[in-house]
Amino acid sequence: MHILGEFSNFTLTDIFIINMLLQKKDNKQLPKEFQKYFWDVSFDELSFDKYPRFIAERLLNYGDLYSIKWLLSVTDKQFIKSLTESSENLNAKTKNYWQIMLSDQ
């Protein structure tokens, strides 16, 4: 019998996402895997509670699927929608993509 039993069919992606979702939402420290997106600031001092716009903008511009899923687990779509309407730090392609994805069609 496999040591993981019924969980043996999970991919590394699944495990990473489940781990992120199981983290307490009131502790919005960034996962260490996101340090690569914040090369220019003191990563250990970042938290989503203190710098939600900065972190969201950086993850939307440069993040991968994991970081976007984490972002959606700590905030809501309305927050992201408001960023796409007001942010000067999102690049044009990112703004356009998220405006399309979050449109009320």
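Thresholds, definitions, all that
- Residues numbered from 1 in each chain as written.
- Predicted model: local features only at pLDDT ≥ 70, side-chain atom pairs only at ≥ 80, totals over all residues.
- Heavy atoms only, no water.
- Helix = DSSP H or I, 4+ residues; strand = E, 2+ residues; numbered from the N terminus.
- Buried < 20%, exposed > 50% of the residue type's maximum accessible area, 1.4 Å probe, protein only.
- Contact = heavy atoms within 4.5 Å.
- Areas by Shrake-Rupley, 256 points an atom, 1.4 Å probe, with all protein chains shown as cover.
- Axes fitted to C-alpha atoms, helices over the stretch in contact; angles between N-to-C directions.
- Parallel < 35°, antiparallel > 145°, perpendicular 65-115°, else oblique.
- Left-handed = near helix turned anticlockwise from the far one by under 90°.
- Phe/Tyr/Trp six-rings, centres within 6.5 Å; stacked < 30°, edge-to-face > 60°.
- Lys NZ or Arg CZ within 6 Å of the ring centre and 35° of its normal.
- pLDDT = per-residue confidence, 0-100.

## Concerning the overall build of the protein
A tally of regular secondary structure across the protein gives five helices and zero strands. In the protein, the succession of helices and strands from N to C terminus is α-α-α-α-α. By residue count, 34% of the 105 residues in the protein fall in the buried class. Long-range contacts, defined as pairs at least 24 residues apart, comprise 42% of the intrachain contacts of the protein with a sequence gap of at least 6. Just so you have it, the protein exposes about 7,400 Å², and 54% of that area is on carbon and sulfur atoms.

## Looking at the packing of helix α4 (residues 77-86) against helix α5 (residues 92-101)
The geometry of α4 relative to α5 is characterised by a closest axis approach of 9 Å and an angle of 135° between their N-to-C directions. Our classification of the angle between α4 and α5 gives oblique. Note on packing geometry: the crossing formed by α4 with α5 is left-handed. Here Ile-80, Thr-84 and Glu-85 of α4 come into contact with α5, specifically with Lys-95, Trp-98 and Gln-99.

## Comments concerning the packing of aromatic side chains
Counted under the stated rule, the structure contains eight aromatic pairs. Here the aromatic rings of Phe-38 and Phe-54 are separated by 5.7 Å at their centres, their planes lie at 55°, and the arrangement is tilted. Within this pair, whereas Phe-38 is found in the loop between α1 (12-22) and α2 (52-62), its partner Phe-54 is found in helix α2, the two being separated by 16 residues in sequence. In this structure an aromatic cluster arises from ring pairing among Phe-34, Tyr-37, Phe-48, Trp-70 and Phe-79. The ring of Trp-39 has Arg-58 sitting right over it, with the charged end atom 4.7 Å from the ring centre.

## Brief notes about the confidence of the model for the protein
Averaged over all residues, the pLDDT of the protein equals 84, while 77% of them reach at least 70. For the protein, the element scoring lowest by mean pLDDT is α1, at 64; α2 scores highest, at 96.

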